[in-house]
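Observations on the three-dimensional arrangement
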Amino acid sequence: MPVPDHDSSSKQDLSSRQVEELARLTGELAHEIKNPLSTVKVNLKLIAEELDCVDSDTGAGDSRQRLARAKRKLTVIQQETDRLEKILEGFLKYVGRTELNTARTDINELVGEVVDFYFPQARSHSITLRQSLNESPLICKVDSAVMKQVLLNLFINAQQAIDRDGEVIIRTGKSGTDVRITVSDTGPGISPDKLPRLFQPFFSSRPDGTGLGLATAKRIIEAHGGKISVASEPGKGTAFTIELPLLTEQ
Ligand SMILES: Nc1ncnc2c1ncn2[C@@H]1O[C@H](COP(=O)(O)OP(=O)(O)O)[C@@H](O)[C@H]1O
Ligand SMILES: [Mg+2]
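Attention here is on the structure that accompanies the text. (Residues numbered from 1 in each chain as written. Chains lettered and ligands numbered in written order. Predicted model: local features only at pLDDT ≥ 70, side-chain atom pairs only at ≥ 80, totals over all residues. Heavy atoms only, no water.)

**Some words on the overall build of the protein**
What the protein contains, in helices and strands, is six helices and seven strands. Relative to the compact-globule value of 18 Å for 250 residues, the protein shows a C-alpha radius of gyration of 24 Å, a clear excess of over 25%. For the protein, with 250 residues in total, the buried portion stands at 32%. Taking as baseline every contact in the protein between residues at least 6 positions apart, the subset at least 24 positions apart corresponds to 73%. When the accessible surface of the protein is summed, it comes to about 15900 Å², and 53% of that surface belongs to carbon and sulfur atoms. Separation of charge centres in the protein, based on 32 positive and 35 negative side chains, amounts to 2 Å. (Helix = DSSP H or I, 4+ residues; strand = E, 2+ residues; numbered from the N terminus. Rg over C-alpha atoms; globule rule 2.2 N^0.38 Å. Buried < 20%, exposed > 50% of the residue type's maximum accessible area, 1.4 Å probe, protein only. Contact = heavy atoms within 4.5 Å. Areas by Shrake-Rupley, 256 points an atom, 1.4 Å probe, with all protein chains shown as cover. Lys, Arg positive; Asp, Glu negative; His and termini not counted. Charge placed at Lys NZ, Arg CZ, Asp CG, Glu CD.)

Below is the structure:
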């Protein structure tokens, strides 16, 4: 007897309208969860303050131990609610705001501003942040605010990978009719089996990561008509490359 092909008999592709509807609903769901979650957070803080007022020096040894255990459990719940909030915020950034507020922008200037902003944080991790910019301006039509967010995310990822002592270099240049921005680091690199999953939502190798940074970056770059890619050599470092269409002067 032939075995029914489960995939082809039951799988029905979603229409693009259904996908849009699903995206809208999941965004709304994330919003809906945010409000009760902040109520939970406020009340947890109040309980923590109440417990801090309980004098741990009085009472029998048994009740002192119970109090200490309750405080530890409360701390775990507070950490987990913080994490939930971080995931929700990351998710809302990932599904949210697709309309871009674009303007004619010199990518060299934009990169310079992000480098100036991030410089102190890099230094506090003993990381040398260097820039090597194209000698002439590179004009693209971009939403500066979201583009800066993308570059900042790449810097933060590089810093988290290096941890301490290393180098991050950002370069700009031309490649045909595109602008090319490369962020490379001297971190531990990424193993080849992980590379294909890097831009997928929720892929993370960090215990406190959400795995939404690169997925959001990809979405933003593609909304600008560009591309983002990664190359990495374990033990040597990683380089992310963004390509954006150059604005043809009119
Ligand atoms: N510069 C880098 N060097 C090494 N690994 C990286 C680098 N950037 C990203 N990664 C890997 O890609 C994963 C996904 O990154 P991201 O989407 O920003 O999520 P998160 O930072 O929350 O983990 C990281 O957990 C890490 O494993
Ligand atoms: Mg990240």
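**Some points on the site of ligand 1**
Around ligand 1, the surrounding shell holds 18 residues, and the nearest of these are D185, S204, S205, R206 and L214. D185 has a polar side-chain atom sitting 2.8 Å from a nitrogen atom of ligand 1. Between an oxygen atom of ligand 1 and a side-chain N or O atom of R206, the distance comes to 2.8 Å. Relative to its unbound accessible surface of 540 Å², ligand 1 loses 93% to contact with the protein. Mapped by element, the contributors of at least two residues to the shell around ligand 1 are α5 (144–162), α6 (213–223) and β7 (237–245). When residues in the shell around ligand 1 are grouped by element, the largest group, three residues, is from α5. (Near = heavy atom within 4 Å. Polar contact = N/O pair within 3.5 Å; in protein donor to acceptor, adjacent residues only side chain to side chain.)

**Re the sheet that holds strand β6 (residues 227–233)**
The sheet built from five strands is open, its strands ordered β2-β4-β5-β7-β6 with mixed pairing. Each end of this open sheet is capped by a strand with a single partner; those strands are β2 (127–132) and β6. Neighbour-to-neighbour, the strand axes of this sheet turn through a mean angle of 15°, independent of strand direction. Where β6 lies against β7, seven bridges are found, and the strand directions are antiparallel. From the neighbouring strand, E233 faces β7, where its bridge partner is G237. Across the sheet, helix α4 (residues 107–124) is in contact with β2, β4 (166–175), β5 (178–185) and β7; its angle to β2 comes to roughly 170°. Where α5 meets the sheet, its contacts fall on β2, β4, β5 and β7, and the angle it forms with β4 comes to roughly 145°. (Pairing = 2+ DSSP bridges. Axes fitted to C-alpha atoms, helices over the stretch in contact; angles between N-to-C directions.)

**Here's the deal with the pattern of salt bridges**
Under the criterion given, the structure shown has 15 salt bridges. In this structure, E243 and R180 form a salt bridge, with 3.0 Å as the shortest nitrogen-oxygen distance. Here the residue E243 occupies a position in strand β7, and R180 occupies one in strand β5, the gap between them amounting to 63 residues. Take R180: its relative accessible area is 36%, and that puts it in the partly exposed class. (Salt bridge = Lys/Arg side-chain N within 4 Å of Asp/Glu carboxyl O.)

**Observations regarding the nonpolar core**
By size, the foremost hydrophobic cluster in this structure holds 38 residues, and its most contacted members are I107, F155, I181, I242 and L244. Every element with two or more residues in this core is listed here: α4, β2, β3 (139–142), α5, β4, β5, α6 and β7. Looking at this core, the element that brings in the most residues is α5, giving nine residues. Counting six residues, the second largest nonpolar core, distinct from the first, contains A30, L37, L88 and F91. (Core = buried A, V, L, I, M, F, W, Y, C linked by side-chain atoms within 4.5 Å.)

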